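One-letter residues, chain by chain:
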Amino acid sequence: MKLISLFSLMIVLLMVGGCKNSSKQDAGQEDVIAQKVKEFAKVKLTTDMSQLDENQKQMLSLMFDAADIMDDIFWQEATAIKRHCSPV
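Residues numbered from 1 in each chain as written. Predicted model: local features only at pLDDT ≥ 70, side-chain atom pairs only at ≥ 80, totals over all residues. Heavy atoms only, no water.

Student: Before we move on, can you summarise helix α3 (residues 54–78) with the specific residues and values?
Tutor: The terminal C-alpha atoms of α3, which comprises 25 residues, lie 36 Å apart, in line with the 36 Å expected from a rise of 1.5 Å per residue. Two or three places before Asn-55, at the start of α3, stands the capping residue Asp-53, its side-chain oxygen 3.1 Å from that residue's backbone nitrogen. (Helix = DSSP H or I, 4+ residues; strand = E, 2+ residues; numbered from the N terminus. Expected span 1.5 Å × (residues − 1). Polar contact = N/O pair within 3.5 Å; in protein donor to acceptor, adjacent residues only side chain to side chain.)

Student: Residue-level account of the pattern of salt bridges, with values.
Tutor: Applying the stated rule across the entire model yields one salt bridge. One salt bridge connects Glu-54 with Lys-57, and the closest N-O pair in it is separated by 3.9 Å. On the criterion of helical spacing, the pair formed by Glu-54 and Lys-57 is a turn pair, its members being three residues apart in helix α3. On the basis of relative accessibility, which here comes to 57%, the residue Glu-54 falls in the exposed class. (Salt bridge = Lys/Arg side-chain N within 4 Å of Asp/Glu carboxyl O. Buried < 20%, exposed > 50% of the residue type's maximum accessible area, 1.4 Å probe, protein only.)

Take a look at the structure:
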């Protein structure tokens, strides 16, 4: 019985310990991300929509809505591991 309890405790400790990252690694990753962000320039995209009829304007609105949903799905999938290992 003690062997089973010890084994269960070891599994729990491995699961909890396996999700932790050291703060040095996190800080290093944040520095890399900050450097990557600096490589990109902000650009404002504009267009003349006066050439579009009402159906085309409505279609664009629906496409933007779909893009927002796809963006949310991407971030949910991309951060699933982090959310799974984060303490509740």
